[in-house]
Amino acid sequence: MRKAIKQRRVLLFLLVVTVPCALVIGLGLRTLGQERELAEKRLSDVRARLAGDIAAALAQELAEAAGYDAESITLVTVDGEVQPPWPPLHDSTPGERFRSPIRSGEDAEFAGADPTAALADYRRAAMAAETPFEVASALLAVARAQAKLAQRRDAINSYSELLAYPAVIADQHGIPFALYAAVRLGDLEATSDAVLARLGQDDLAESWLRPAAAYMLRSAVATLPTGDTADALQRHVDRRVDLIEVVFALRSPRQAPAGVRMSAGVSVGDEPQWRLDAGEHWLVATLTAADKPEVVIVPAAAVFARVERSEGLAGTPLGGFRIGARGAQEEPLGPRFPDLAVRFEHADNLVTSDLRPQRIFYLVALLAVVALTLFGALLLWRDVRRDVQMAEMRSQFVSSVSHELRTPLTSIRMFAETMRHRAAADEGQTDDFLDIIIGESERLTRLLDNVLNFSKIERDSKIYHPDAMQLEEVVESACRSLAHSLEQHGFELEVEVEEGLPRVHADRDAIEQAVLNLLTNAVKYANGDRRIELRLRRDGRFGAIEVTDHGIGIRPEDHEQIFEPFFRAKHPGHDHVQGAGLGLALVRHIADAHAGAVTVVSSPGEGSTFCLKIPLETDSP
Ligand code: ADP
């Protein structure tokens, strides 16, 4: 039966704790998951909306930039083909008067390896030069021969002179002579601020150079010693080269340098599509002006910066933003800008800030439910345990009471029968037998009194009838009723009564029952030493009745529990001592009902002293 109860307890525990907790946790997690999904959905809506606004602002900005931005470039298209913005090649075939000394100079310089003769020829050519192109080519050749002749200073002078030539004076490939001069000065390690200043002038750095010239400009700038101005110029020139490559790619996508595959965007509805070049410097679109399509190239960074700083878009819920080439974790800017995306500063804050209160709420609710469930389970556990204990105690009680009843009944019957069979026996023996029968029936009465009183207490119907009385009288009466049986069992009862104690206001029968219970316990747990002391004395404002035995004693850990109903301490070797576990419970109830107390001093093997205290009526004796 105990096993079945245990299994039931475990099952109950599982049902009451685990199932609701699991359900609550599961539900909580599910709801949180849904909340997160919702928050993410909200976030992506916000991102998409903002990206739409940003794209609109960007389109507007670009449309304006295409019109006024100094850096934006408009390319004319003819039959759908982008026309090159750089100057065409000039036919600069020199005259025969100039060509012949140049030719003989080149023969002497390259075939004859005679720079001195070559220099003389080139000087002649310079004299014969008529056009700026001829003057410049002769000067370039002179400088070159001077360099070969190790006339470094002369060479530097010649190149420096050539450096000042305007960019339009260019060779048959469209490369300005000034650029040749700059590169050679670099070779001679004679670059100076003058070279830097020259390369930064508008005719080189700002105008359209032919692609070959642009590359040469870039290598000339690269030879400059590093410094702030040189670095800035380098970046500028890089961008120009990049721009030229963009145009180059637009003109003939197949021949474009590697990595520069692009075409001007097509239209998306009425809106132009803007493409970003591979260098991420330029945005390119085909716009239609006066029914003629034009390809427009706009510097990207400047336009992005204007949109990023624009008033209308400041203070988005996701903080600031940056527009750039499209990456994985960014919000695309839509079909008008297929290469662009926007990255928000606080992209995830919204989700976390959205979820934080919910999380806290669910956590608190979860903890509360779990705590309540555990608390409920604990109560249930205690209830069940108490039920089980009560059931055990009751069954023990029934068997103990039956045993206790049987013993005196058996003796009564035995002595009564003996008396009948020995009717003629001597008078003295008959008296003894009658004493035993009376003693046993008194014991029976005490036991039944205990049971009856306890059941009244249980039902809350126990009523005490207090009256003024002397404790001394009760002590005497208790001694009297036990005297005979004590004597019979060979006990020595030593009684010590303090004289002149004040009266008490108490239920005489109840107090006597309590004293009798203490005395009978002293007898029951005596263990061979048959001395019992009964003392009545004053203890402050109490009258204290002390019962001391020298018996088996009680373990300290049982001192509190022995006053509980049905509790019986374990006394190894003394299991045969019978009892219902009610005596001390009644003593305590009686003490409490009289505003008194009962205490015990005891240790195993050293006997016990129980002290019942009842308040005295007045403080003065
Ligand atoms: P019982 O009918 O078992 O004696 P009581 O309520 O009178 O019930 O006592 C409760 C328990 O206290 C006893 O079972 C016993 O273990 C312990 N006890 C009471 N009085 C004494 C004593 N004088 N010496 C040793 N143990 C005692």
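These figures come from a predicted structure and were not determined experimentally.

Could you give me a rundown of the overall build of the chain, with the residues and numbers involved?
Looking only at helices and strands, one finds 16 helices and 17 strands in the chain. For the chain, the C-alpha radius of gyration of 60 Å lies well beyond 25 Å, the compact-globule estimate for 621 residues. Classification of the 621 residues of the chain by burial places 42% in the buried group. A sequence separation of at least 24 residues applies to 65% of the contacts in the chain between residues at least 6 apart. Total accessible area on the chain is roughly 33,900 Å²; 55% of this is exposed by carbon and sulfur atoms. For the chain, the distance from the average position of its 68 positive side-chain charges to the average position of its 90 negative side-chain charges is 4 Å.

Provide a residue-level description of the site of the ligand, including the pertinent values.
Residues in contact with the ligand amount to 20 residues; listed here are only the nearest, Tyr525, Asp549, Arg568, His571 and Leu584. One of the side-chain N or O atoms of Asn521 is found 2.8 Å from an oxygen atom in the ligand. One of the side-chain N or O atoms of His571 is found 2.7 Å from an oxygen atom in the ligand. For the ligand, the accessible surface in isolation is 520 Å², of which the surrounding protein chains cover 98%. Looking at the shell around the ligand, the elements with two or more residues in it are α15 (508-524), α16 (583-593) and β17 (608-615).

I'd like a rundown of unusual backbone geometry, residues and numbers included.
Even without glycine at this site, Asp460 takes up a positive phi of about 65 degrees. What makes Asp460 exposed here is its relative accessible area of 71%. Positive phi values are uncommon outside glycine, yet Ala595 reaches one of about 60 degrees. Assignment of secondary structure puts Ala595 in the loop between α16 and β16 (597-602). Note on Ala595: relative accessible area 54%, which makes it exposed.

Before we move on, could you go through empty space enclosed by the protein and cite the residues and values that matter?
Taken as a whole and judged by the stated rule, the model has five cavities of 30 Å³ or more. Computed from the structure, the second largest cavity encloses a volume of approximately 50 Å³. In terms of lining residues, the second largest cavity is bounded by Leu204, Ala205, Ser207, Leu209, Ala214, Leu217, Val237, Arg240, Val241 and Ile244. Looking at the lining of the second largest cavity, the elements with two or more residues in it are α8 (202-205), α9 (211-222) and α10 (228-251). The greatest single-element share of the lining of the second largest cavity, amounting to four residues, is contributed by α10. Looking at the lining of the second largest cavity residue by residue, the classes come out as eight nonpolar, one polar and one charged.

I'd like a description of the side chain of Gln513, backed by residues and values.
Along the chain, the position of Gln513 falls in helix α15. The residues touching Gln513, leaving out its near neighbours within four places in the chain, are Asp449, Asn450, Asn453, Leu586 and Ile590.

Tell me about the packing of α15 against α16, residues and numbers included.
Put simply, α15 and α16 touch, their axes get as near as 9 Å, and they point 145 degrees apart. Read as a crossing pair, α15 and α16 show a hand that is left-handed. Taken together, the residues of α16 that come into contact with α15 (itself represented by Ala510, Ile511, Gln513, Ala514, Asn517, Leu518 and Asn521) are Gly583, Leu584, Leu586, Val587 and Ile590. Of the residues assigned to the contact of α15 with α16, the class counts are eight nonpolar, four polar and no charged.

So what's going on with helix α6 (residues 177-187)? Which residues, and what values?
Burial analysis of α6 places nine of its 11 residues in the buried class, which makes it a mostly covered element. For α6, the set of buried residues is Phe177, Ala178, Leu179, Tyr180, Ala181, Ala182, Val183, Leu185 and Gly186. Against α4 (132-148), α5 (152-163), α7 (193-199), α8 and α9 lie the buried residues of α6.

Lay out the pattern of salt bridges with the relevant residues and their values.
In total, this model carries 25 salt bridges according to the counting rule given. A salt bridge links Arg555 to Glu557; its shortest N-O distance comes to 3.6 Å. Taking the relative accessible area as the measure of exposure, Arg555 reaches 35% and is therefore partly exposed. Overall, Glu557 belongs to the exposed group, its relative accessible area being 51%.

Kindly report on the sheet that holds strand β9 (residues 331-332), identifying the contributing residues and their values.
Strands belonging to one sheet form pairs held by backbone hydrogen bonds; the direction of such a pair is parallel or antiparallel. Pairing is antiparallel across the open sheet formed by three strands, whose spatial order is β8-β10-β9. With one partner strand each, in any of the chains shown, β8 (321-325) and β9 form the two edges of the open sheet. The pairing of β9 with strand β10 (residues 340-344) spans two bridges and is antiparallel. In the sheet register, Glu331 faces β10, and the bridge partner there is Val342. Contacts between helix α11 (residues 300-309) and the sheet are confined to β8 and β10, with β8 contributing the most and set at about 155 degrees to the helix.

Let's hear about the environment of Arg124: which residues, and what values?
Note that Arg124 resides in helix α3 (residues 115-128). For Arg124 and Phe98, which are 26 residues apart along the polypeptide, the C-alpha to C-alpha distance reads 8.4 Å.

Please provide a residue-by-residue account of the nonpolar core, values included.
One recurring pattern in soluble globular proteins is that nonpolar side chains are buried together. Core analysis: the largest hydrophobic core is formed by 54 residues, its most contacted members being Leu179, Leu199 and Ile297. By residue number, the principal contributor to this core is α10, which donates nine residues. Every residue in contact with Leu179, bar those within four places of it in the chain, is listed here: Leu199, Leu204, Ala213, Met216, Leu217 and Ala220. Core analysis: the next-biggest nonpolar cluster, separate from the first, contains 44 residues, Val504, Ala506, Val547 and Val598 among them.

A description of the sheet that holds strand β12 (residues 492-497) should follow, citing residues and the corresponding values.
Taken together, five strands build an open sheet; the order of strands is β12-β14-β15-β17-β16 and the sheet is mixed. Edge positions in the sheet fall to β12 and β16, since each of these pairs with one other strand and no more. Averaged over all pairs of adjacent strands, the angle between strand axes in this sheet comes to 15 degrees, irrespective of strand direction. Contacts from α15 reach β12, β14 (531-539), β15 (542-549) and β17 within the one sheet, and its direction differs from that of β15 by about 20 degrees.

Got a sec to walk through the environment of Leu518? Specific residues and values, please.
Inspection of the secondary structure puts Leu518 in helix α15. Between the C-alpha atom of Leu518 and that of Leu584, which follows or precedes it by 66 residues, the distance is 7.6 Å. Dropping the residues within four chain positions of it, Leu518 is found in contact with Val547, Leu584, Val587, Phe610 and Leu612.

The rules behind the values
Residues numbered from 1 in each chain as written. Predicted model: local features only at pLDDT ≥ 70, side-chain atom pairs only at ≥ 80, totals over all residues. Heavy atoms only, no water. Helix = DSSP H or I, 4+ residues; strand = E, 2+ residues; numbered from the N terminus. Rg over C-alpha atoms; globule rule 2.2 N^0.38 Å. Buried < 20%, exposed > 50% of the residue type's maximum accessible area, 1.4 Å probe, protein only. Contact = heavy atoms within 4.5 Å. Areas by Shrake-Rupley, 256 points an atom, 1.4 Å probe, with all protein chains shown as cover. Lys, Arg positive; Asp, Glu negative; His and termini not counted. Charge placed at Lys NZ, Arg CZ, Asp CG, Glu CD. Near = heavy atom within 4 Å. Polar contact = N/O pair within 3.5 Å; in protein donor to acceptor, adjacent residues only side chain to side chain. 1 Å grid on protein atoms, 1.4 Å probe; cavity = no way out; pocket = protein on both sides within 12 Å on 5 of 7 lines; lining within 4 Å. Points joined across faces, edges and corners; volume = space filled by probe spheres on them. Nonpolar A, V, L, I, M, F, W, Y, C, P; charged D, E, K, R; others polar. Axes fitted to C-alpha atoms, helices over the stretch in contact; angles between N-to-C directions. Left-handed = near helix turned anticlockwise from the far one by under 90°. Salt bridge = Lys/Arg side-chain N within 4 Å of Asp/Glu carboxyl O. Pairing = 2+ DSSP bridges. Core = buried A, V, L, I, M, F, W, Y, C linked by side-chain atoms within 4.5 Å.

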